[in-house]
Amino acid sequence: MPGVLDALNAALDRQYDKSAGAVLSALRQELRSPAVRNAMRALDAEAQRLAGLGQPLIPSNPVYRAMLGAVDAALRKAVAHAEAVTYALQLDAAALGNATTLQLAQLTAGQAITTVWNSPDPVALGRIADYAKSSAWQAQFGGIPRSVIDQIGRKALAGVASGRNPLAIAEDLRKLADNIPAHFFNTMMTTLQLTSYREAAAFAQLQNAHILSHQVRVAARDDRTCLACIALSGEILPLGVRVDDHHNGRCVGVPVVQGRELSVVTGQDWFNGLPTARQRSIMGVGNYNAYQQGAVTLNDFVGEYHDSVFGRMIRPLPLMQILGSNARQYYGR
Ligand SMILES: [Zn+2]
């Protein structure tokens, strides 16, 4: 099974680089365009001037506002570019969802089952995970430039409020304008891809309920896997249920053929078998202390929320949210 899952991850990465990767490089190009570069340079000069006068950079400063305007225009171009590739990314991911579900089922069957496998037709696949056409996606995606600009503006204001040197603020803004949008695009597009994959996988399972019995949720297990995904790894789910995850999450459902068993090491058992130093580094000190002393179980870290685009999602809960003010005693020892 690890072989199929590794191959799946490699295929997802290839698809992503092909479509979303092109968007990200377009974004970087836009942010390095002469318009943005000149606006940044003007802001540097303005910051220098203000620093010389001992004056702060304020949000209504016209040079600062012109810089935000240039970044906003660059982001809007990147969004238009991204809109063109989202549908293809979604369709490719859905096709992969069906193909991988078949491969995983063959693995639990111990033989080729291609002849009895019902592959959903491509039109149906295109329909089932149509997030990019939803109004929620369009609102959220179209809102990226606005929210990024707001975020950059807020950080600048925080710098102003803490009495920072205008030169340092200008430098920060440059970094923010580079990093925040790339982060937004990445998260949105990756989650679109992975959720489309999972939706199609669930659909393929239902189409093949005549040979499948259930699915087992499996997490990619490394030091970046969150506590919620570790806790849920090994969970048995009915066929056709989409594996819900958080943004950027990489959990999958492995279908099990009727009459067969799939024995996986559960996330709990895997975690409990790790050396304590590694447990501590995965959990963080506070969580680890609380876990060691029996104040929480791994399952307690599983939180749910509703996303306007992708629906039900899973996330790891912070200790404070699980234990309230009692969480404090587990930190700092
Ligand atoms: Zn996770």
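Treat the numbers as computed from the prediction; the structure is a model and nothing was measured.

A.B. asks: I'm lost on the coordination of the zinc ion in this one. Help?
C.D. replies: As a benchmark, a tetrahedral metal site with four donors has ideal angles of 109.5 degrees, while an octahedral site with six donors has ideal angles of 90 or 180 degrees. Surrounding the zinc ion are the protein donor atoms Cys226 (SG), Cys229 (SG) and His246 (NE2), at 1.9 to 2.2 Å. In primary sequence terms, the donor set of the zinc ion follows C-x2-C-x16-H. Residue Cys229 is found in helix 8 (residues 227–232), and its partner His246 is found in the loop between strand 2 (236–237) and strand 3 (252–257); the two are separated by 17 residues along the sequence. Neither residue differs from the other here; Cys229 and His246 are each classed as buried.

A.B. asks: Could you clarify how one ought to interpret the environment of Gly234 in this entry?
C.D. replies: Among the structural elements, Gly234 can be located in the loop between helix 8 and strand 2. Separated by 31 residues in the primary sequence, Gly234 and Val265 place their C-alpha atoms 6.9 Å from one another. Apart from residues lying up to four places away in sequence, Gly234 is in contact with Val216, Arg217, Val264 and Thr266.

A.B. asks: Even after reading the chapter, I still don't get unusual backbone geometry, so can you show me in this structure?
C.D. replies: For residues besides glycine, phi is generally negative; the peptide bonds are generally trans as well. Positive phi is not limited to glycine here, since Asn248 has a value of about 70°. By secondary structure assignment, the location of Asn248 is in the loop between strand 2 and strand 3. On the basis of relative accessibility, which here comes to 36%, the residue Asn248 falls in the partly exposed class.

A.B. asks: I would appreciate a short explanation of the pairing of strand 4 (residues 302–307) in the present structure.
C.D. replies: Strand residues, when the strand is regular, have side chains that alternate between the two faces of the sheet. Alternating residues of strand 4 divide into Gly303, Tyr305 and Asp307, all buried, and Val302, Glu304 and His306, none buried. Where strand 4 and strand 5 (residues 311–316) come together, 6 bridges link them in antiparallel fashion. Considered in strand 5, the bridge of Asp307 is made with Gly311. Hairpin connection, strand 4 to strand 5: the antiparallel pair is bridged by 3 residues.

A.B. asks: Is there a simple way to explain the nonpolar core in this structure?
C.D. replies: Where a protein is soluble and globular, its nonpolar side chains tend to be buried together. Among the nonpolar cores identified, the biggest contains 51 residues, and Val71, Phe141, Ile152, Leu173, Phe185 and Met189 are the most heavily contacted of them. For this core, the secondary-structure elements that each account for two or more residues are helix 1 (2–31), helix 2 (34–53), helix 3 (62–109), helix 5 (135–142), helix 6 (144–161) and helix 7 (166–207). Of the residues forming this core, the biggest block, 12 residues, is contributed by helix 3. If you look at the next biggest cluster of nonpolar residues, it comprises 18 residues, including Ala231, Ala290, Val296 and Leu323.

A.B. asks: What should I look at first to understand helix 5 in this one?
C.D. replies: Of the positions making up helix 5, those classed as buried are Ala136, Trp137 and Phe141. Each buried residue of helix 5 sits inside an arc of 120° when the element is viewed along its axis, so together they form one side. Turned more than 90 degrees away from the buried face of helix 5 sit Ser135 and Ala139, all of them exposed.

A.B. asks: How should the packing of helix 1 against helix 7 be read in this particular structure?
C.D. replies: Two packed helices can be described by the angle between their axes and the distance between those axes. It is at 10 Å that the axes of helix 1 and helix 7 come closest, and there the two elements cross at 150°. Judged by the inter-axis angle, helix 1 sits roughly antiparallel to helix 7. Crossing angle aside, the handedness with which helix 1 passes helix 7 is right-handed. Two secondary-structure elements touch here, helix 1 through Leu8, Leu12, Gln15, Tyr16, Ala20, Val23, Leu24, Leu27 and Leu31 and helix 7 through Ala177, Asp178, Pro181, Ala182, Phe185, Asn186, Met189, Thr190, Gln193, Leu194 and Tyr197.

A.B. asks: What's the story with helix 2 in this structure? I'm lost.
C.D. replies: Along an α-helix, a turn takes 3.6 residues, which lines up residues three or four apart on a common side. The end-to-end C-alpha distance of helix 2 is 28 Å, a good match for the 28 Å that 20 residues give at a rise of 1.5 Å each. Those residues of helix 2 that fall on the buried side of the exposure criterion are Val36, Ala39, Met40, Leu43, Glu46, Ala47 and Leu50. Buried residues of helix 2, seen end-on, are gathered within an arc of 125° and therefore sit on one face of the element. More than 90 degrees from the buried face of helix 2, the exposed residues found are Pro34, Gln48 and Gly52. For helix 2, the elements touching its buried residues are helix 1, helix 3 and helix 7. Note on helix 2: the residue one or two positions beyond its end, Gly54, has a positive phi of about 70°.

Quick notes on the rules
- Residues numbered from 1 in each chain as written.
- Predicted model: local features only at pLDDT ≥ 70, side-chain atom pairs only at ≥ 80, totals over all residues.
- Heavy atoms only, no water.
- Donors = N, O, S within 2.8 Å, 3.2 Å for Na, K, Ca; no water.
- Helix = DSSP H or I, 4+ residues; strand = E, 2+ residues; numbered from the N terminus.
- Buried < 20%, exposed > 50% of the residue type's maximum accessible area, 1.4 Å probe, protein only.
- Contact = heavy atoms within 4.5 Å.
- Pairing = 2+ DSSP bridges.
- Core = buried A, V, L, I, M, F, W, Y, C linked by side-chain atoms within 4.5 Å.
- Arc of directions from axis to C-beta.
- Axes fitted to C-alpha atoms, helices over the stretch in contact; angles between N-to-C directions.
- Parallel < 35°, antiparallel > 145°, perpendicular 65-115°, else oblique.
- Left-handed = near helix turned anticlockwise from the far one by under 90°.
- Expected span 1.5 Å × (residues − 1).

Remember, this is a structural readout, not a statement about activity or role.
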